[in-house]
Amino acid sequence: MADPSSYRPKPGQIPDSPGVYKFRDEHRRVIYVGKAKNLRQRVANYFQDLANLHPRTRTMVTTAASVEWTVVSTEVEALQLEYSWIKEFDPRFNVKYRDDKSYPYLAVTLNEEFPRVQVMRGAKKKGVRYFGPYGHAWAIRETVDLMLRVFPVRTCSAGVFKNAARTGRPCLLGYIGKCSAPCVGRVTPEEHRELAEDFCDFMAGRTGTYIRRLEKDMMQAAEEMEYERAARLRDDAEALKRAMEKSAVVLADATDADLIAVAEDELEAALQIFHVRGGRVRGQRGWVTDKVEAVDTSGLVEHALQQLYGEERGDAVPKEVLVPALPEDPEAVSQWLADRRGSQVSLRIPQRGDKKDLMATVQRNAQQALGLHKTKRASDLTTRSRALEEIAEALGLDTAPLRIECYDISHLQGDDVVASMVVFEDGLARKSEYRRFQIKGFEGQDDVRSMHEVIGRRFKRYLQDKERTGEWEEAPEAAPGPASVHASATGPAATDPAATGQATAGPAAIGQATAGPAAIGQAAAGPVSTGPAATGPVPAPELTAASPDDEPEPREDDGRPKRFAYPPQLVVVDGGQPQVAAARRALDELGIDDIAVCGLAKRLEEVWLPDDDDPVVLPRSSEGLYLLQRVRDEAHRFAITYQRAKRAKRIRSSPLDDVTGLGETRKQALIKHFGSVKKLRQATIDEICEVPGIGRRTAESVVAALATTAPAAPAVNTATGEIIEEDDGGSS
């Protein structure tokens, strides 16, 4: 536990300008990011008497080992830079909302030649129009099924579409009138796109035009005594009305707004958002967070706005955002939202009328979500703390293991042997730091030897990182330079520029950069003074690799999570006494004696310690045992998922994979031209050269590669005994 006075900035060093500051721990990992109108006042508050600090703030400043800052020109730039750093560094003491589920959206792929209507989850894609989110995928499908009567847009996958185009026969929806069948040319691409755009207009709230048009056509058909057509138009109008009824009108005047409500207690906060478009509730979503920092309702709202709109542009940011409490600097936040939307955004608290009533409904949803979340055992902060204390007591640890790493070995009868490493911090999975390994030292099945290899490789990298950053010996504390008042200079977290690879700004290194929203994360305009380190966005390293020992060296001292830079307090292995002994032996061989090791055996859920003949038996109702089981099961899941993927990739391998310079596109071209690898094997060099993009040298390489590999044995239909001819290109 660090003493905050050991890294406290000297009086007068911190400028009184707007800016963003970050605290780092002893491993140079960024653990907290904040912004301030006046850096001097805000940062100084962290270095008062510890007894006067909020317990969470006290934990943060005693965990930290240094503090740095970057000066910007305006509060809006500070807001943007804070969001960028929180997303980039993922600091553990910042509030981070996590979705309580993956919400589905109704998506229209306008970026395709024939737009498709479908359910989508996850990250949004460019060129796709999204509506929602919805609470359930079935709600989207019910709505789409009603609307396809009027807007028969394509809903099939690319494979089904291509197959229908090849055979000249549409799918079932094409026969029953719920698809315009562009796959067989019933409509032109332009006509189909117009249908998709009409679909989007209706979903965006412009409903009256289409219903009035249908009713007008219905009356005209009735006057012309085309009664069947009139009945069909009547049913179409009723279908649209039923689709509209699924989202009742809640606000008049076709209001576009997002309503945000927060329910909180001392430990956690739940956030609920209603998306209102065209006066109707078009989507709802919820987040839950641990209050890992001292933050009030206005702070929670500000964090929510950053995470909700930080990646959005244009109409995705509504004209109006209604909140229960305004952020600390509402003008700056409103301007930030307006910059993202491209027009004015109103940020306010509803005071009366329908908007206040709807806000009360959103608030009730937030309260219910918080109550439901409290019943979930795994996310309860008190329960997690008790679990960590029980583990520490049972294993004889001095402190609770805030970082736990668990390892598991997976293989199939000795083939495709892999290992997994999962990380839990404060009792919660930290998936960005999961790692996976291929066993390289030997072939065959030997879990004990595999565990020894994996532990050795992981902690060898840890020692290399310590040696690279100079943690083997105590480095003298560098004297901090004068603070910058105009530039993006960091505060007095002394780092050696030669070791970190970052530039320090001295008199001979006057920085020239732009200041403005487009230059967030870079130096602001003005001369740069001799702050300890200049900051700037550096692309994050790849997080997961199957073969860690072959990876390029990560950058140091940029605050991002390194691959193996942070040691755990406890290593858990999936297995009994032999696996535990192998892990302990690997650590001893590297001279590491300050990391505890234990194993969890599946048979009786016994906890094994090194050099102990008898296991530690935790009560079945123990929260500590429950946490160890979760960690072990997660490591097993991660390992077996990787092993199956590796095995599937090996099974799908093709002789063409070994041809140098032959990429996936040309491989597919060869298979498409000849029909299968079998027929390609029978082709001559001249015949292969006829394929577009294949030269003679490549054709010779293909023939040589296929000649050195024996053809696969024919597949047999076990029900009929027939030999199945290879006709689909195999596994290429």
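Rules and cut-offs
Residues numbered from 1 in each chain as written. Predicted model: local features only at pLDDT ≥ 70, side-chain atom pairs only at ≥ 80, totals over all residues. Heavy atoms only, no water. Helix = DSSP H or I, 4+ residues; strand = E, 2+ residues; numbered from the N terminus. Buried < 20%, exposed > 50% of the residue type's maximum accessible area, 1.4 Å probe, protein only. Contact = heavy atoms within 4.5 Å. Areas by Shrake-Rupley, 256 points an atom, 1.4 Å probe, with all protein chains shown as cover. Pairing = 2+ DSSP bridges. Axes fitted to C-alpha atoms, helices over the stretch in contact; angles between N-to-C directions. Parallel < 35°, antiparallel > 145°, perpendicular 65-115°, else oblique. Nonpolar A, V, L, I, M, F, W, Y, C, P; charged D, E, K, R; others polar. Patch = residues over 30% accessible without salt bridge, like charges linked within 9 Å, V, L, I, M, F, W, Y side chains within 5 Å. Salt bridge = Lys/Arg side-chain N within 4 Å of Asp/Glu carboxyl O. Phe/Tyr/Trp six-rings, centres within 6.5 Å; stacked < 30°, edge-to-face > 60°. Lys NZ or Arg CZ within 6 Å of the ring centre and 35° of its normal. pLDDT = per-residue confidence, 0-100. Left-handed = near helix turned anticlockwise from the far one by under 90°. Expected span 1.5 Å × (residues − 1). Arc of directions from axis to C-beta.

Observations concerning the overall build of the protein
Of the regular secondary structure elements, the protein holds 21 helices and 21 strands. Across the 732 residues that make up the protein, the buried fraction comes to 50%. Across the protein, every contact between residues at least 6 apart in sequence was considered, and the portion connecting residues at least 24 apart equals 66%. Accessible surface for the protein amounts to roughly 35500 Å². Of this, 50% is attributable to carbon and sulfur atoms.

Quick look at the sheet that holds strand β1 (residues 19-25)
With antiparallel pairing, the 3 strands of this open sheet are ordered in space as β2-β1-β3. Edge positions in the open sheet fall to β2 (30-36) and β3 (64-71), since each of these has one partner strand only. Each neighbouring strand pair of the sheet contributes to a mean axis angle of 20 degrees, computed without reference to strand direction. Taken together, the 7 bridges between β1 and β3 define a ladder with antiparallel strand orientation. Paired with V20 across the bridge in β3 is T70. The sheet strands contacting helix α3 (residues 75-89) are β1, β2 and β3, and the helix crosses β2 at an angle near 170 degrees.

Things to note about the side chain of R632
Take R632: it is sitting in helix α17 (residues 623-651). R632 sits in the buried class, given a relative accessible area of 3%. Once you skip the residues sitting within four places of it in the chain, R632 turns out to touch C406, D574, L600, A601, K602 and E605.

So, the packing of helix α10 (residues 297-309) against helix α11 (residues 330-341)
Packing of α10 against α11 leaves a shortest axis separation of 12 Å and a crossing angle of 10 degrees. With respect to α11, the element α10 is oriented roughly parallel. From α10, E302, L305, Q306 and Y309 reach across to α11, where they touch V333, W336, L337 and R340. Of the residues assigned to the contact of α10 with α11, the class counts are 5 nonpolar, 1 polar and 2 charged.

Quick notes on the sheet that holds strand β6 (residues 117-120)
One open sheet holds the 3 strands; their spatial order is β6-β5-β7, and the pairing between them is antiparallel. Two strands lie at the open edges of the sheet, namely β6 and β7 (129-131), each paired on one side alone. If you compare each strand with its neighbour and ignore which way they point, the axes differ by 35 degrees on average. Of the strand pairs in this sheet, strand β5 (residues 105-108) and β6 are connected by 4 bridges, and their pairing is antiparallel. Residue pairing for β6: A107 is matched across the bridge by Q118. The strands touched by helix α7 (residues 189-203) within the sheet are β5, β6 and β7, with β5 carrying the most contacts at an inclination of about 150 degrees.

Considering a nonpolar patch on the surface
A grouping of L172, Y175 and I176 is seen on the molecular surface, where their side chains present a nonpolar patch of about 370 Å² in accessible area. Looking at the element boundaries, L172 is found in helix α6 (residues 172-175). Note on L172: relative accessible area 60%, which makes it exposed.

Remarks on the packing of aromatic side chains
With the rule as written, the count across this model stands at 13 aromatic pairs. Considering the side-chain rings of F23 and F47, the 6.4 Å spacing of their centres and the 35 degrees angle between planes classify their relative orientation as tilted. Taken together, the residues span a long stretch of sequence, with F23 in strand β1 and F47 in the loop between α1 (39-45) and α2 (55-63) at a distance of 24 residues. Among the residues examined, F23 registers a relative accessible area of 0% and is labelled buried. Take F47: its relative accessible area is 9%, and that puts it in the buried class. When the ring of W85 is compared with that of F89, the centres are 6.2 Å apart and the planes differ by 55 degrees; the resulting orientation is tilted. Note that W85 and F89 are positioned in helix α3 at a spacing of 4 residues, about one turn of the helix. A relative accessible area of 5% places F89 in the buried class. The rings of Y7, Y21, F23, Y32, Y46 and F47 are connected pair by pair, giving a single aromatic cluster. In this structure, K22 packs its charged tip against the face of W85, placed 3.6 Å from the ring centre.

Notes on the confidence of the model for the protein
Chain-level pLDDT for the protein is 76 on average; 77% of the residues reach the 70-or-more range. No element of the protein has a lower mean pLDDT than helix α15 (residues 497-500), which averages 34, and none a higher one than strand β17 (residues 570-574), which averages 92. When the criterion is pLDDT under 50, residues 723-732 qualifies, and its contacts beyond four places in sequence or with other chains add up to 27 contacts.

Comments concerning the packing of α3 against α11
α11 packs onto α3 with a crossing angle of 70 degrees between their chain directions and a minimal axis gap of 8 Å. By the criterion of interaxial angle, the relationship of α3 to α11 is roughly perpendicular. Crossing angle aside, the handedness with which α3 passes α11 is right-handed. Residue-level inspection shows E75, V76, L79 and Q80 of α3 in contact with α11, the latter providing A332, V333, Q335, W336, D339 and R340.

Observations regarding α10
For α10, with 13 residues, the first-to-last C-alpha span of 18 Å sits near the 18 Å given by 1.5 Å per residue. Burial of α10 is extensive: 11 of the 13 residues sit out of reach of the surface. For α10, the full list of buried residues reads S298, G299, L300, V301, E302, H303, A304, L305, Q306, L308 and Y309.

Observations regarding the pattern of salt bridges
Inspection of the entire model under this criterion finds 30 salt bridges. Salt-bridge contacts for R154 lead to E112; the nearest nitrogen and oxygen are separated by 3.0 Å. Highlighted residues: R154 in the loop between α4 (137-147) and α5 (158-167) and E112 in the loop between β5 and β6, separated in sequence by 42 residues. On the basis of relative accessible area, R154 is assigned to the buried category, the value being 5%. A relative accessible area of 30% means that E112 is categorised as partly exposed. E664 is the salt-bridge partner of K667, the closest N and O atoms lying 3.5 Å from each other. Placement of both K667 and E664 in helix α18 (residues 664-674) is noted, with a separation of 3 residues, approximately one turn of the helix. K667 gets classed as buried once you look at its relative accessible area, which sits at 7%. E664 sits in the partly exposed class, given a relative accessible area of 44%.

Describing helix α21 (residues 696-708)
Compared with an ideal rise of 1.5 Å per residue, which puts 13 residues at 18 Å, α21 spans 19 Å between its outermost C-alpha atoms and is within 8% of the ideal. Within α21, the full set of buried residues consists of T698, A699, V702, A705 and L706. Relative to the axis of α21, the buried residues are bounded by an arc of 125 degrees and lie together on one face. Residues of α21 that are exposed and point more than 90 degrees away from the buried face comprise R697, A707 and T708. The secondary structure elements touched by the buried residues of α21 are α18, α19 (677-682) and α20 (685-689).

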